[in-house]
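These are the residues of each chain, in order.
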Amino acid sequence: MTILDGKKTSNDIKNEIAEEVKKMKAKGEKVPHLAAVIVGNDGASLTYVGSKVRACERVGFESTLVKMSNTTSEIELLDKIEELNQNPEIDGFIVQLPLPKQIDEQKVLMAVDPKKDVDGFHPQNFGKMALDMSTFIPATPFGILELLDRYGVETDGKHTVIIGRSHIVGRPMSILMGRKGFPGNSTVTLTHSHTKNISQITTQADIIISALGVPNFLKAEMVKDDVVIIDVGITRVPDESSPKGYVITGDVDFENVSKKASFITPVPGGVGPMTIAMLLKNTLLARELSR
Ligand code: GUN
């Protein structure tokens, strides 16, 4: 069994990006600048956005964190997005999801300039991805592809089962794993809350990508020997013995499933750090495209 080490791999990628930034600086070029907008004070979202900004500093990017209150109106957020669209200093930006309920998420995604949409959530970029055109690939799916690639995990002709059809992970992953090329060329089954008898499907999977958000959902008896497991779950489970009062728990019963797996991502230290590294990669791409 091989651990797909997202922490190490993301560090390798960040070092590669830092080298690129050094070269840009040496040539007197502008370095990439990422902005992140966070609306409200959800603890997990604040942590993720903080990590994204810190990662920018680590590789030598400029970064801007825009914090807006929980009561921000849709118009106020759309105005901020327009300001970032127009600001020539900003190469790419993200609006952290989820958003408070008074704001229509679709309107927000549509408002981001596709050239600065380093999350790859704008319909234009999502459509390009589905048509195999070069574009920003959403950071979490992009990170999973990169892990599979760097560890040489075979995907060609394999049966990939995806659990969860979110717009951020499950849906794009189902498109990417079925694309021509590597990683890709998989036969994909996309399962979700209306799927019947999920164990019957997961036991036939060569690769399982779980993005459900239910701690320890995937048990050893639900997988076959030598399965490849990608665990995207990051649920905070209350735990008084932990200093933070919670532990980050994945969708997969790691202790038992790992005994049957050929490759598996840990939680934490698997997909999570890869998401951040690939957001940086998309920001570097945005800077290169705007040159
Ligand atoms: N919320 C959870 N994951 C993501 C992500 O990749 N991008 C944004 N903007 N929000 C998220």
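Whatever comes next refers back to the structure up there.
Residues numbered from 1 in each chain as written. Predicted model: local features only at pLDDT ≥ 70, side-chain atom pairs only at ≥ 80, totals over all residues. Heavy atoms only, no water.

### With respect to the site of the ligand
Inspection of the region around the ligand gives Lys52, Val95, Gln96, Leu97, Asp119 and Phe121 as its neighbouring residues. Backbone polar atom of Leu97 to a nitrogen atom of the ligand: 3.0 Å apart, as the coordinates give it. Contact with the protein chains hides 83% of the accessible area of the ligand, taken as 280 Å² for the molecule alone. Broken down by class, the residue content of the shell around the ligand amounts to three nonpolar, one polar and two charged. (Near = heavy atom within 4 Å. Polar contact = N/O pair within 3.5 Å; in protein donor to acceptor, adjacent residues only side chain to side chain. Areas by Shrake-Rupley, 256 points an atom, 1.4 Å probe, with all protein chains shown as cover. Nonpolar A, V, L, I, M, F, W, Y, C, P; charged D, E, K, R; others polar.)

### A look at the layout of surface pockets
Its volume calculated, the largest pocket comes out at about 1,500 Å³. What lines the largest pocket is a set of 50 residues, among which Tyr48, Ile234, Gly272, Pro273 and Thr275 lie closest to the centre. For the lining of the largest pocket, the secondary structure elements donating two or more residues are helix H1 (6-26), helix H2 (43-59), strand E4 (92-95), helix H6 (139-150), strand E9 (235-238), strand E10 (246-249) and helix H10 (271-290). The greatest single-element share of the lining of the largest pocket, amounting to eight residues, is contributed by H2. Its residues assigned to classes, the lining of the largest pocket comprises 26 nonpolar, 15 polar and nine charged. (1 Å grid on protein atoms, 1.4 Å probe; cavity = no way out; pocket = protein on both sides within 12 Å on 5 of 7 lines; lining within 4 Å. Points joined across faces, edges and corners; volume = space filled by probe spheres on them. Helix = DSSP H or I, 4+ residues; strand = E, 2+ residues; numbered from the N terminus.)

### Brief notes about the sheet that holds strand E6 (residues 187-191)
Read across the sheet, six strands follow the order E1-E11-E8-E7-E5-E6 without closing on themselves; strand pairing throughout is parallel. The sheet terminates laterally at strand E1 (2-3) and E6, the two strands that pair on one side only. Direction of pairing for strand E5 (residues 159-163) relative to E6: parallel, over a ladder of five bridges. The residue of E6 that forms the bridge with His159 is Thr187. Sheet strands touched by helix H7 (residues 170-178): E5, E6 and strand E7 (207-210). Its angle to E6, the strand with the most contacts, is close to 170°. (Pairing = 2+ DSSP bridges. Contact = heavy atoms within 4.5 Å. Axes fitted to C-alpha atoms, helices over the stretch in contact; angles between N-to-C directions.)

### Overview of H2
In a regular helix each residue adds 1.5 Å, so 17 residues correspond to 24 Å; H2 covers 25 Å between its end C-alpha atoms and thus fits that length. Looking only at H2, the buried set comprises Ala44, Ser45, Val49, Gly50, Lys52, Val53, Ala55, Cys56 and Val59. For H2, the secondary structure elements touched by its buried residues are H1, strand E2 (33-39), strand E3 (62-68), E4, E9 and H10. Count one or two residues on from H2 and you reach Gly60, which has phi positive near 95°. (Expected span 1.5 Å × (residues − 1). Buried < 20%, exposed > 50% of the residue type's maximum accessible area, 1.4 Å probe, protein only.)

### Here we look at unusual backbone geometry
Cis rather than trans, the peptide bond between Leu97 and Pro98 has omega equal to 0°. If you trace the backbone, Pro98 turns up in the loop between E4 and helix H4 (105-111). Of note in the backbone geometry, Asn216 takes a positive phi value of approximately 55° without being a glycine. Its place among the elements puts Asn216 in the loop between E7 and strand E8 (228-231). Given a relative accessible area of 33%, Asn216 falls into the partly exposed group.

### What about H1?
Side chains that are three or four residues apart share a direction in an α-helix, a result of its 3.6 residues per turn. With 21 residues, H1 extends 30 Å from end C-alpha to end C-alpha; this agrees with the ideal 30 Å at 1.5 Å per step. Listed in full, the buried residues belonging to H1 are Gly6, Thr9, Ser10, Ile13, Lys14, Ile17, Val21 and Met24. Buried residues along H1 cover an arc of 135° about the axis, so they all sit on one side. Seen from the open side of H1, the exposed residues pointing more than 90 degrees away from its buried face are Lys22 and Ala26. In this structure, the buried residues of H1 make contact with H2, H6 and H10. A distance of 3.1 Å separates the backbone nitrogen of Lys7 from a side-chain oxygen at the start of H1, and that oxygen is part of Asp5. (Arc of directions from axis to C-beta.)

### As for a nonpolar patch on the surface
On the surface, Met1, Ile3 and Phe254 cluster together to form a nonpolar patch covering roughly 260 Å² of accessible area. With respect to the helices and strands, the residue Phe254 is situated in helix H9 (residues 254-257). (Patch = residues over 30% accessible without salt bridge, like charges linked within 9 Å, V, L, I, M, F, W, Y side chains within 5 Å. Salt bridge = Lys/Arg side-chain N within 4 Å of Asp/Glu carboxyl O.)

### A short note on empty space enclosed by the protein
One pass over the full model with this rule turns up one cavity of 30 Å³ or more. Of the volumes computed, that of the largest cavity is approximately 60 Å³. Along its surface, the largest cavity is lined by Phe93, Ile94, Val95, Leu109, Val112, Asp117, Asp119 and Phe121. Top contributing element to the lining of the largest cavity by residue count: E4, with three residues. Classifying every residue of the lining of the largest cavity gives six nonpolar, no polar and two charged.

### Notes on the side chain of Ser210
Within the element layout of this structure, Ser210 appears in strand E7. In this structure Ser210 comes out as buried when scored by relative accessible area, which is 1%. Contact partners of Ser210, with chain neighbours within four places excluded, come to Ile163, Ile230, Asp231, Val232, Gly233 and Asp251.

### Things to note about the pairing of E5
Here E5 lies mainly inside the structure; five of its five residues are buried. Burial along E5 is two-sided: His159, Val161 and Ile163 facing one way and Thr160 and Ile162 facing the other are all buried. Running through H7, the crossover from E5 to the neighbouring parallel element E6 is right-handed. Where E5 meets E7, four bridges bridge the pair, whose relative direction is parallel. Bridging from a neighbouring strand, Thr160 pairs with Ile207 of E7. (Right-handed = clockwise from strand over helix to strand, strands pointing away.)

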